[in-house]
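This is what each chain is made of:
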Amino acid sequence: MSGHVFVVNCLPVGHGDCILVEYGDQRNPARVLIDGGPARSYQALRDAIGELPPDRRRFDLLVVTHIDTDHIDGVLILLQDEELGAEFDDVWFNGWPQLKSLSAGRARDVFAPPQGEFLGHLLHARGQAWNRSFAADRGCVMVADRGPLPARELPGGATITLLSPREENLLKLRRTWVEALRDAGMRPGDWDQAKARLDARAEYRPRAPRDDVYATRKFGSDTSAANGASIAFVLDYRGRRVLFGADAHVSVLTEGLRRLADGLGVLRVPLDAVKLSHHGSMANIDGTFLDTIDVSRFLLSTNGAYFRHPDPETILLLAERAPGAEVRFNYRCRTTEVWERPGAAPGGGIRAVYPPEGQVLDLGS
């Protein structure tokens, strides 16, 4: 008799996110891919997919949470890697076709979205199903201000409940998108122009590297339009729940969790694990967020490069608000191994778990 699996694999893609989720019948599980990491770490994603038999490289869902390079760049390479042959039944990504359906306005932001245009071109060129699950909502993967949280059933018996983004987050991104592309001499939604620009970028060809990212320094202080537009959600399979936070703003996550708690009739949402937002940046967590969840296991996806994530303040906050919690790192590195020492975090402390156990979380039954 076949058993059931529910495995969350935070692939080692440097300072970025690339998460492979498998659930369902262990003989032929359903698969969801969340982000692709930075370009220079693409080989880790390629190796993971390459371990699958060629006829099993079809994914039920690809979620590109937002346009930060440490999340989107690997996807740009993956969709051009014809030799690998990965296919996707649906892709969730808020690009220009979705953003242009929102009302225009005026704002200014520092983030530039050419990669979003590159991805839009690739999805269009492939004839790829794109936000098909949200066709009735202007094609936007987003949370309405009122009413039940959007929930979508996936093949294999899993459910995704969306927490982020809200329409106001996408409106901010829309304004940023238009202005930044104007500065770059690009036109939103011009797939021919996007193709020409992408073809000129060697780092986005299969097996070619590059990356960058940024960070901020205050609890809950992230104001990035790109991060605020992150697709974040709770995936539920057979009563096991994991929150995938992408780089979402903590205020948006907290509001969504409160609505989810109301729907479940509980004070705090019970979760089996939380993939912390923005690689453990203190700008994307606070005590109020932790007060809305009942969880004792946190996942961190980063090697600490460039901006030394996770912030020590984040780990200390976990030790204070969730004493004894298990914190699973997908890298042992300078910014993570310090938490292995006894007394590194005061009070109840945390239990640090490192690869290989820390990388792969098995919630199967």
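The preceding data block contains the structure.
Nothing here was measured: the structure is a model prediction, and the numbers come from that model. (Residues numbered from 1 in each chain as written. Predicted model: local features only at pLDDT ≥ 70, side-chain atom pairs only at ≥ 80, totals over all residues. Heavy atoms only, no water.)

### A closer look at the overall build of the chain
For the record, the criterion: Secondary structure elements follow DSSP: runs of H or I no shorter than four residues count as helices, runs of E no shorter than two count as strands, and numbering proceeds from the N terminus. The size measure is the radius of gyration over C-alpha atoms, and the globule rule it meets is 2.2 Å times the number of residues to the 0.38 power. Burial classes follow relative accessibility: with a 1.4 Å probe on protein chains only, a residue under 20% of its type's maximum area counts as buried, one over 50% as exposed, and anything between as partly exposed. We call two residues in contact when some of their heavy atoms are within 4.5 Å. Note on areas: these come from Shrake-Rupley sampling with a 1.4 Å probe, and a residue is covered only by the protein chains present in the view.
Scanning the chain for helices and strands turns up ten helices and 18 strands. Whereas a compact globule of 365 residues would reach a radius of gyration of roughly 21 Å, the chain reaches 19 Å, a difference of no more than 12%. Principal-axis analysis of the C-alpha atoms places the extent of the chain at approximately 55 × 50 × 40 Å. For the chain, buried positions account for 60% of its 365 residues. A fraction of 76% describes how many contacts in the chain between residues 6 or more apart in sequence connect residues 24 or more apart. Carbon and sulfur atoms form 47% of the exposed surface of the chain, whose accessible area is close to 14,700 Å².

### Considering the sheet that holds strand 7 (residues 91-92)
To summarise the sheet geometry, strands pair through backbone hydrogen bonds and adopt either a parallel or an antiparallel arrangement. The condition is simple: At least two DSSP bridges between two strands are required for those strands to pair.
Strand order in the open sheet formed by six strands is 7-5-3-2-1-18, and the pairing between neighbours is mixed. Each having just a single partner strand, strand 7 and strand 18 (360-362) make up the two edges of the open sheet. In the sheet, strand 5 (residues 61-63) pairs with strand 7 via two bridges, with the strands oriented parallel. Looking at strand 7, one finds that Leu-62 is bridged to Val-91.

### Considerations on the packing of helix 4 (residues 114-126) against helix 6 (residues 191-199)
Think of two packed helices as two axes; the pair is described by the angle between the axes and how far apart they sit. We apply this condition: Every axis corresponds to a line fitted to the C-alpha atoms, with the helix fit spanning only the stretch in contact, and the corresponding angles, defined between N-to-C directions, vary from 0 to 180 degrees. Roughly parallel refers to an angle under 35 degrees, roughly antiparallel to one over 145, roughly perpendicular to one between 65 and 115, and oblique to any angle outside these ranges. Crossing handedness is defined as follows: a turn of the near helix away from the far one that is anticlockwise and smaller than a right angle gives a left-handed crossing, while the clockwise case is right-handed. Each residue is assigned to one class: nonpolar for Ala, Val, Leu, Ile, Met, Phe, Trp, Tyr, Cys and Pro, charged for Asp, Glu, Lys and Arg, and polar for all the others, Gly among them.
Between helix 4 and helix 6, the shortest axis-to-axis distance is 8 Å and the interhelical angle comes to 110 degrees. Judged by the inter-axis angle, helix 4 sits roughly perpendicular to helix 6. Considering only the axes of helix 4 and helix 6, their crossing is left-handed. Contacts between helix 4 and helix 6 pair Glu-117, Phe-118, Gly-120, His-121, Leu-122 and His-124 from the former with Trp-191, Ala-194, Lys-195, Arg-197 and Leu-198 from the latter. In terms of residue class, the contact of helix 4 with helix 6 is built from five nonpolar, three polar and three charged.

### As for unusual backbone geometry
The residue after Ser-164, namely Pro-165, is reached through a cis peptide bond having omega 10 degrees. Checked against the element boundaries, Pro-165 lands in the loop between strand 9 (158-164) and helix 5 (167-183). With an omega of 0 degrees, the peptide bond running from His-309 to Pro-310 counts as cis. Tracing the backbone shows Pro-310 in the loop between strand 15 (297-300) and helix 10 (312-321). With a phi angle near 60 degrees, Arg-138 is a residue other than glycine that sits in the positive phi range. Checked against the element boundaries, Arg-138 lands in the loop between helix 4 and strand 8 (151-154). Although it is not a glycine, His-279 sits at a positive phi angle of roughly 60 degrees.

### Digging into the nonpolar core
The tendency in soluble globular proteins is for nonpolar side chains to be buried side by side. As a reminder of what qualifies: Put simply, buried Ala, Val, Leu, Ile, Met, Phe, Trp, Tyr and Cys residues joined by side-chain atoms within 4.5 Å make one nonpolar core.
Ranked by internal contacts, the top residues of the largest apolar core, which has 63 residues, are Phe-289 and Phe-298. Core analysis: the next-biggest nonpolar cluster, separate from the first, contains 48 residues, Phe-59, Ile-77, Trp-96 and Leu-119 among them.

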